[in-house]
Amino acid sequence: MLAYITRRVLQMIPTIFGVMLLVFILFSVVGGDPSLILGGKHLTEDVLNNIRTQLGLDKSLPEQFLIFVKQVLTLDFGTSWSTQQPVSQMIASRVGPSLTLTGALLAVSLLISIPLAALVAYFRGGVTDRIVTIACTVAMSISALVYIVVGQYFLAYELAWFPVRGWGDSLFTNLMVYVPLPLLMGLMVSIGPDIRFYRSFFIEEMNNDYVRTARAKGLSESKIMLKHVLRNAMIPVVTNVMMALPFLMMGALILESFFGIPGMGNEVLLAVNKSDFPVIKAVTIYIAIATMIFNLLADLVYKLIDPRVQLK
Amino acid sequence: MSSAENTETLLSVRNLVVNFRQEDGEKFNAIKGVSFDIPKNRTVALVGESGSGKSVTSMAIMQLLPPNNTEISPDSQILFEGKNLLGLSASELRKMRGKDIAMIFQEPMSSLNPVFTVGDQVAETLMLHAGLGRRAAAKRAVELLFEVGLPNPSEKAKAYPHQLSGGQQQRVMIAMAIACEPKLLIADEPTTALDVTIQKQILQLIAELQKKHGMSVLFLLMIWAWSVSLLMMWW
Amino acid sequence: MNAIVEAVPGLKIEPASKSLWALGWQRLKRNKVGFIALWVVVAYLLIAVGGWLNIVASNWAEEVAVPYAPPSWITKGKDEQLPAKTATVVEAQPIVTMLPSEDPLAQELEAAQKNTAKYADNSPAKLETMPFGADLRGRGVIEKTIKGTSTSIFVGIFGAVLALSIGTTLGAVSGYFGGKVDDFFTWFYSIFTSVPDMLLLLSFAAVSGRGISTIIMVMALTSWTGTYRLVRAEYMKLKNREYVQAADAIGASHYRRMFVHILPNISHLLLVQFSLMTVALIKYEAILSFLGFGVGVRQVSLGSMLAETPAELVQGFWWQMLAVTIAMSVLVTAFSLLVDALRDALDPKVK
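For chain C, an unreviewed UniProt entry supplies the name Peptide ABC transporter permease and the organism Iodobacter fluviatilis. Of chain C, the UniProt comment under Sequence similarities (unreviewed entry) reads exactly: "Belongs to the binding-protein-dependent transport system permease family." UniProt, in the comment section headed Subcellular location (unreviewed entry), describes chain C in these words: "Cell membrane".

Draft legend 1. Fine view of the packing of helix α5 (residues 87-122) of chain A against helix α9 (residues 180-206) of chain A. All names here are of chain A. α9 packs onto α5 with a crossing angle of 40° between their chain directions and a minimal axis gap of 7 Å. By the criterion of interaxial angle, the relationship of α5 to α9 is oblique. Like other packed secondary-structure pairs, α5 and α9 cross with a definite hand, here right-handed. Its residues assigned to classes, the contact of α5 with α9 shows 20 nonpolar, 4 polar and 2 charged.

Draft legend 2. Spotlight on the UniProt feature "transmembrane region" (unreviewed entry) in chain C. Residues and elements named next belong to chain C. Taken from the UniProt record, the annotation "transmembrane region" (unreviewed entry) applies to residues 33-53, 153-177, 184-206, 212-231, 266-297 and 317-339. The distance separating the terminal C-alpha atoms of residues 184-206 is 27 Å; by composition the span is 91% helix and 0% strand. Secondary structure content for residues 212-231 is 100% helix and 0% strand, while the C-alpha to C-alpha distance between its ends is 28 Å.

Draft legend 3. Just the environment of alanine 233 of chain A, in detail. All names here are of chain A. Mapped onto the elements of the fold, alanine 233 is located in helix α11 (residues 221-250). Overall, alanine 233 belongs to the buried group, with 24 C-beta atoms counted inside 10 Å. Alanine 233 sits 61 residues away from phenylalanine 172 along the chain, and the two C-alpha atoms are 34 Å apart. Here alanine 233 is in contact with Phe201, Phe202 and Glu205, once residues within four sequence places are set aside.

Draft legend 4. Representation of the confidence of the model for chain C in the model. Confidence along chain C averages 79 in pLDDT terms, with 84% of residues attaining 70 or more. Contacts from residues 77-81 of chain C, a stretch scored under 50 in pLDDT, to residues over four places away or in other chains number 0 contacts.

Draft legend 5. Representation of the UniProt feature "domain: ABC transmembrane type-1" (unreviewed entry) in chain C within the structure. According to UniProt, the positions carrying the feature "domain: ABC transmembrane type-1" (unreviewed entry) are residues 149-339 of chain C. Helix makes up 84% of residues 149-339 of chain C and strand 0%, and the two end C-alpha atoms of the span are 19 Å apart.

Thresholds, definitions, all that
- Residues numbered from 1 in each chain as written.
- Chains lettered and ligands numbered in written order.
- Predicted model: local features only at pLDDT ≥ 70, side-chain atom pairs only at ≥ 80, totals over all residues.
- UniProt positions renumbered as here; feature names shortened; annotations may be inferred.
- Axes fitted to C-alpha atoms, helices over the stretch in contact; angles between N-to-C directions.
- Helix = DSSP H or I, 4+ residues; strand = E, 2+ residues; numbered from the N terminus.
- Parallel < 35°, antiparallel > 145°, perpendicular 65-115°, else oblique.
- Left-handed = near helix turned anticlockwise from the far one by under 90°.
- Nonpolar A, V, L, I, M, F, W, Y, C, P; charged D, E, K, R; others polar.
- Buried ≥ 20, exposed ≤ 12 C-beta atoms within 10 Å, placed from the backbone.
- Contact = placed C-beta atoms within 7 Å.
- pLDDT = per-residue confidence, 0-100.

Below is the structure:
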């Protein structure tokens, strides 16, 4: 096991290097010279040169890249161009709210979509199945934007059941007051695709021979579904959830932006709007590393729950 | 094979007609009127080419065909110890499956649930029909695994299906099937997917178990020559 | 052929077995939902082409109506319901007026009034209502919706074509040649998949600015990975098939083998992939334009229209939101149902 983990970590290194290269090319080569933006209104030759020196832009590209690598390794991305705060601090403070929202969303959506998917799979082929599938497709097709705009307008603005936007201080306040509406919106967007996705896992399992054997043993249909099929269908479900975890940290970008939640997603949007490159670079690198770590964890969990898997 | 002179009949199939409703509304006539008897304590071989409907017949006996698109003619009868299986309710059928009539299939690897140990799967039948508790069932499962010829049964009970060979997997299936001393064992091409050297062992195992437990066996086979060698083994 | 048929009595010529496509088309026809979805999508595509070529809705940017003009089918009702109220005249307080000599602007106002005739506005009066209402600048919602849908479809399709091309080429080369080439491209692929979609899109958008061509490129550069994985797996599987080896035996070059022999055999998979990506890109374009990173200011798309809706809703103007929601939902639903049906129809394993 340890050898496997070590090997995987070693394999991650060239990928991380590649991501750094990509980010560097994007922001230092394609992105152009930010000194003009940062210089502000009163731009003189001196100011420009000053900025360039500060940002290290007067050095050659390979040198700049080495500086960037050093930054990544020391987890110090300098200061944000717009807020002048240290980037690492900003990111650290934003992860909490993002996780609160997306964590709650993940938990609730799993609790709802998995049983529903199992139920729909159980009645597969029938009229109910087809209606639900089409309903899910329609629900998926309505843009997330529509749900959010309409939801925010009716439920928050008109009916005042929820606050229109905002965030609180304590975890409890957040979960009780500020999370429900964005969570509901997020649910509406994701429940359609989730049910369809999980349903396909259940149906695939139900077509297996061991279900026939279980029936031949005299087990009831519900027992077959809840014990034999579920346990097998959980394998792809869990793997899937684990792979989705890195996206949790991004926060639901649009939800955060609309509902004024000070999370990572909102931060990225603000940064892109203001061309605040250090923030975007830092977030991209952090999330890339987190994604790779979570993929490794997903594989390890997969090994735990599926006795057939042998890690190579 | 017609019923012998004085032996009682365990299972009697009369004029079995099975139709399948297809996607485009057409009906497919799978079984066109089959009749045969299985005497008590005897072995019957049903021989036919692939696609001739052997499996459908055996699944019809166990009522395992998909209910949504299967139609069995009301003139058909499947009499088990006098009772017509086609008229039983779902719960009555469930009580018989695994207990009075048991079945083993062609592909033992896919017929076993990959995420549960073989010991658990055998014990499940015992807990369901024989009312045994967990520990008693587990103990009895190990005894059954020994009876079907698995080496190191107490260790093998904790193994997962993919860790066993094809022959061993089929022995596990047999153990599951005979766990509650069924009166009829249906064996649907039990050796087709196995190695030639193992095939004979499995057939001999079934023969021994049949004599020991006094059950009838319905063999579904593809090759006529095998049924001849089976007869030679039994006589 | 006919001579042989006549010479041998009782000989029937069996029709040649249908190709995958012909079979797929038959199966698609039988799937009622999928078939309807197909025609809906075709209708949208026709409208889209009309929009691109400026056959329809070319005048979408003209501000022909009063700002926020309501749809005609509403006002008709209102006119019938509300009786005119008679206005009560309140005795007005006399306003203290300034004498022209005291008014600092008097001279300029006089000059302006003399010149008014020169600047007379000859344009027709602004419309009070429009078939589906108007937006903030008095532009008709129907025209905007048509042009916007056309833009969104344009972006979706071209982005998908570009992404498909990139993914297929890289995947084919990777799967076919294997070895170091495969290692390199897989490394490349892993870089792009380590970063979540939205983040990657935004990073590219942050350095690219707005505009239709930019957004097509950005979306293509971030969506090629799914196709790459699929094509690579297929090429690895198929390169050892006999017909490829046979092609080798007759001296076909690598290029020929890759694109003339193997590629047609996965074309049905590519079609499904293409459709999936088009739907996804249409949705992404809406989000990007909504956030302000998509189409340019002078262009309109479903996303940019949605961006105007929060402000409109608060003021009570809902018609643009309704039009965009209907247009987009029907399009994406039909497309998604079509993709499902295509998958089922073209999968050779399913019955």
